[in-house]
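# Architecture at a glance
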Amino acid sequence: MSEDVVTADAGAADATPIQAGSVKKNSFVVLKGFPCKVVDISTSKTGKHGHAKANIVGIDIFTGKKYEEMCPTSHNVLQPVVNRKDYQLVDIEDDGFVVLMDENNETRSDLKLDFEGDDVHKKIKQDFEDGKELLVTVLSAMKTEKIIASKELNP
């Protein structure tokens, strides 16, 4: 008789708790369920009910949308685990998907460029069509990934 071990992932690796009072500008926090970079934080004094409040304003790292949240400084907010990784751009498919290669020569083709809504993606396509060798930066957080930057390998 074999025992099957089933593990459930509660998404705990995506974000870690951090006290709202210790959030700093330019750090990352989860606001309204989205990973954001903090652009402004202000704290109010304790009121008659005893809690100092932190007002956190952040910009979504993937969409650029602004989110705001207020919570007591003693409470925890989530800090997303944000990773950046550089890949060499190998090809751009007709449907917008890109073929990327990492430093171990492993390829992936699960990311898509948005030619209409993203200026960075438009520039990547233009530079690639001009024959430039590009290194693209992929930002990943909370099971979402996006190409956020590119630079020429041998200018």
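In short, a report on the structure. These figures come from a predicted structure and were not determined experimentally.

Its place among the elements puts S150 in strand β11 (residues 144-152). Assessed through its relative accessible area of 27%, S150 is described here as partly exposed. Separated by 91 residues in sequence, S150 and I59 place their C-alpha atoms 21 Å apart. Every residue in contact with S150, bar those within four places of it in the chain, is listed here: I124, L135 and V136.

Scanning the model with the defined rule gives nine salt bridges in all. Note that R108 and D110 form a salt bridge whose closest N and O atoms lie 2.8 Å from each other. On the accessibility criterion, R108 (16% relative accessible area) is buried. Taken together, the shared-partner salt bridges in this structure form one network comprising R108, D110 and E145.

In this section: the side chain of S140. Following the sequence through the fold, S140 ends up in strand β10 (residues 134-141). Contact partners of S140, with chain neighbours within four places excluded, come to F62, V81, V82, N83 and E145.

Conventions used here
- Residues numbered from 1 in each chain as written.
- Predicted model: local features only at pLDDT ≥ 70, side-chain atom pairs only at ≥ 80, totals over all residues.
- Heavy atoms only, no water.
- Helix = DSSP H or I, 4+ residues; strand = E, 2+ residues; numbered from the N terminus.
- Buried < 20%, exposed > 50% of the residue type's maximum accessible area, 1.4 Å probe, protein only.
- Contact = heavy atoms within 4.5 Å.
- Salt bridge = Lys/Arg side-chain N within 4 Å of Asp/Glu carboxyl O.

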